[in-house]
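So you can see what is in the structure, the chains are spelled out below.
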Amino acid sequence: MLNRTAENVARATPEPLARKVRGISDKGLAWLFISPTILLLLAINIFPLFWAIYLSFTNYRANRPNEVVKNLGFANYQRILGDQDIWIAMQTTAHFVFWTILLQTLIGFTLAWLIDRKFRSHAFWTTLILVPMMLSPAVVGNFWRFLYEPQIGLFAYAISFVSGIPPTNIQMLSNVSLAPWSIIIVDTWMWTPYVMLICLAGLRSIPEYIYEAAEVDRASNWRQFWSITLPMALPFIMLAVLFRGIENFKMFDMVNLLTGGGPGSTTEVASITLKRQAFESWRTGYSSAFAIILFVAVFGLANIYVKALNKVKQR
Amino acid sequence: MSLTTAHSVVAPSGASKRIAGAIIIAYALISIVPLLWIFATSFKTPPDSIAYPPKILFQPSLEGYCNLFTTRTRQTPEYINSLGPATSFCDETTRKRNMVIAGPSNFVPRFVNSLIIAFGSTFCAVFLGTLSAYGFSRFKVPLADDLLFFILSTRMMPPIAVAIPIYLMYRELGLSDTALGMILLYTAVNVSLAVWLLKGFIDEIPREYEEAAMIDGYTRLQAFWRTVLPQATTGIAATAIFCLIFAWNEYAFAALLTSGTAQTAPPFIPTIIGEGGQDWPAVAAGTTIFLVPILVFTILLRKQLLRGITFGAVRK
């Protein structure tokens, strides 16, 4: 035993040569480990971002690379903020974000609350519920076009079966007032499990002794729900809302495949407008300015929201 | 036996459990119907797939899979009769529709692209992520919080906004429509997730292990390699699967930045068309093949899922 300790001490004492081989200091190693990631992000994220900022002040068009680029100052930004179509797109986005978050939070929290009763085989059914959110929104969204087909589609058939409306009248994707809902339904179907999973973690984080104390005080189930369950799960619900809010603000793939922004521009969310301006009209400078505005909006809103979240957490 | 425990939330009563169970099972069953329908449609013939009312019972057929892997041209019955006997099952089904197989479709190359790009970018993201996470976890890095937030904020940008300058940059560098370009881009997007998740996992490994190893004469690098990495394997594996799922499912960048040689499966599958619109059984077949790996991963990951989808914010 003593012998081994001595051996360890001997090994721990570095020889002059070993010290040289060790070479890299902790500080050096830290930078060696971190810098590749930072360099990659600078090259693929930050440099393009600055390029986009530069382009946003010009009239550059990516399909005419040889044309002389003119500096426009803030003209692009002024035009965007005065553009009626952009404001309509922002309203469409807000409508989409609001309803998806509302539905997903209500359904997701209810599901989590029910799963928390821990009925038999709840683990299996929970895993099954989680499946849709892992799949590709584009590939699955594309298939929903088939489910939405007025006559042959399963969705229209099921709705007409329940409601008695002839299936040819259920034009989910081509009816102006139904098209936004067709996207909200798919998004809710896909992402409710996400909110549910986070809410479930929130519910399970509430220590049981609080409920036991409430029982001793004879608080009703209703009272327990409103003054224990909901407030204590609130930071988790807010976190889920944050993640879904950011994701749905940038939503592109599902909308692009389901409606492509149509009919007309009724489902044209901000990302679709951006894609049409940037990759169909090739107004690169103009769309860069719009991209910057969007980024600042997400970033700003997220920051304000995180501050509010931290306040709720501290309470 | 007391009345209070029967009503307690701590131990839900039998009746409330049964009702909760019934609602959850109903929701789960309804929510997987679209997926079951994809699976069923992939085994339908094109006429069966567009029948009204939608067919729940049908004669299964592999025609969708044949159509997924081949391209076909319409021919006169005389020409088809003049051909020799059909050499394969797909040959035979195609001829029944007065068509002949013209060649393989693009599905296999697109699927291979998906594999190369998803696995390549996952490897790079996890490699870089592990190193950075260890750096942030163990060393005092100046401005660490700002750097970590900067890494995360790159994930908040709308993909189309990122795609505009990337499109121009890749055009200049000759990276448009190449697997390398897509791997770089996906690595950059995924590395933020990898750093955040792995930092959480590495934070949980006690520093004492490395310190003991270093007292035993290991260098910091050796201690990292021999004590930290083996303990972080679960975390690294979970992170890798999350990166893989993102890269596998990604559509926006792939649709805008690839068009031919480097196109992945998600932008390709919606373009599978037959005569008169989308060939739904073939689309369903492609979708089924595309979704199976993710289903397997979801089941493998279910314990780590929460952590992955919240960037490590919720650990439990």
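Residue positions within a chain follow its written sequence, with the count starting from 1. For naming, the first written chain is A and the first written ligand is 1, with later ones following in the order written. Confidence filtering applies because this is a predicted model: local features only for residues at pLDDT of at least 70, side-chain atom pairs given and counted only at 80 or more, and all residues used for totals across whole chains, interfaces and linings.

- Chain B is annotated in an unreviewed UniProt entry as Carbohydrate ABC transporter permease of Mesorhizobium qingshengii.
- UniProt positions are given in the numbering used here, feature names are shortened, and annotations may be inferred rather than shown by experiment. Under the Sequence similarities (unreviewed entry) heading, UniProt states for chain B: "Belongs to the binding-protein-dependent transport system permease family."
- According to the UniProt record, the Subcellular location (unreviewed entry) comment for chain B reads "Cell membrane".

- Chain A has the name Sugar ABC transporter permease in an unreviewed UniProt entry, where Mesorhizobium qingshengii is given as its organism.
- In UniProt, chain A has this text filed under Subcellular location (unreviewed entry): "Cell membrane".
- Listed in UniProt under the heading Sequence similarities (unreviewed entry), the comment for chain A reads: "Belongs to the binding-protein-dependent transport system permease family."

**Details of the confidence of the model for chain A**
Residues and elements named next belong to chain A.
Turning to step 1, where the next piece is worked out: Averaged over every residue, the pLDDT of chain A is 87; the share at 70 or more is 92%.
Turning to step 2, where the next piece is worked out: How sure the predictor is of each residue is captured by pLDDT, a score from 0 to 100. To qualify as a helix, a DSSP run of H or I must reach at least 4 residues; to qualify as a strand, a run of E must reach at least 2; elements of each kind are numbered from the N terminus. Between the elements of chain A, mean pLDDT differs from a low of 44, seen in helix 2 (residues 16-22), to a high of 94, seen in helix 5 (residues 84-115).
Turning to step 3, where the next piece is worked out: Contacts from residues 15-21, a stretch scored under 50 in pLDDT, to residues over four places away or in other chains number one contact. By definition, residue pairs are in contact when their C-beta atoms, positioned from the backbone, come within 7 Å.

**Comments concerning the UniProt feature "transmembrane region" (unreviewed entry) in chain B**
Residue and element names in this part refer to chain B.
Turning to step 1, where the next piece is worked out: As annotated by UniProt and renumbered to match this structure, "transmembrane region" (unreviewed entry) occupies residues 20-40, 115-136, 148-170, 182-202, 223-248 and 280-301.
Turning to step 2, where the next piece is worked out: Here residues 148-170 is 78% helix and 0% strand, with 27 Å between the C-alpha atoms at its ends.
Turning to step 3, where the next piece is worked out: Helix makes up 100% of residues 280-301 and strand 0%, whereas the separation of the span's terminal C-alpha atoms amounts to 31 Å.

**Focus: the confidence of the model for chain B**
Interpretation of this model should avoid reading the predicted coordinates in detail wherever pLDDT is low.
Residue and element names in this part refer to chain B.
Turning to step 1, where the next piece is worked out: With 96% of its residues at a pLDDT of 70 or more, chain B shows a mean pLDDT of 87.
Turning to step 2, where the next piece is worked out: Counted against residues more than four places away or in other chains, residues 1-9, with its pLDDT under 50, gives 10 contacts.
Turning to step 3, where the next piece is worked out: Across the interface, the model reports ipTM at 0.87; the global pTM reads 0.87.

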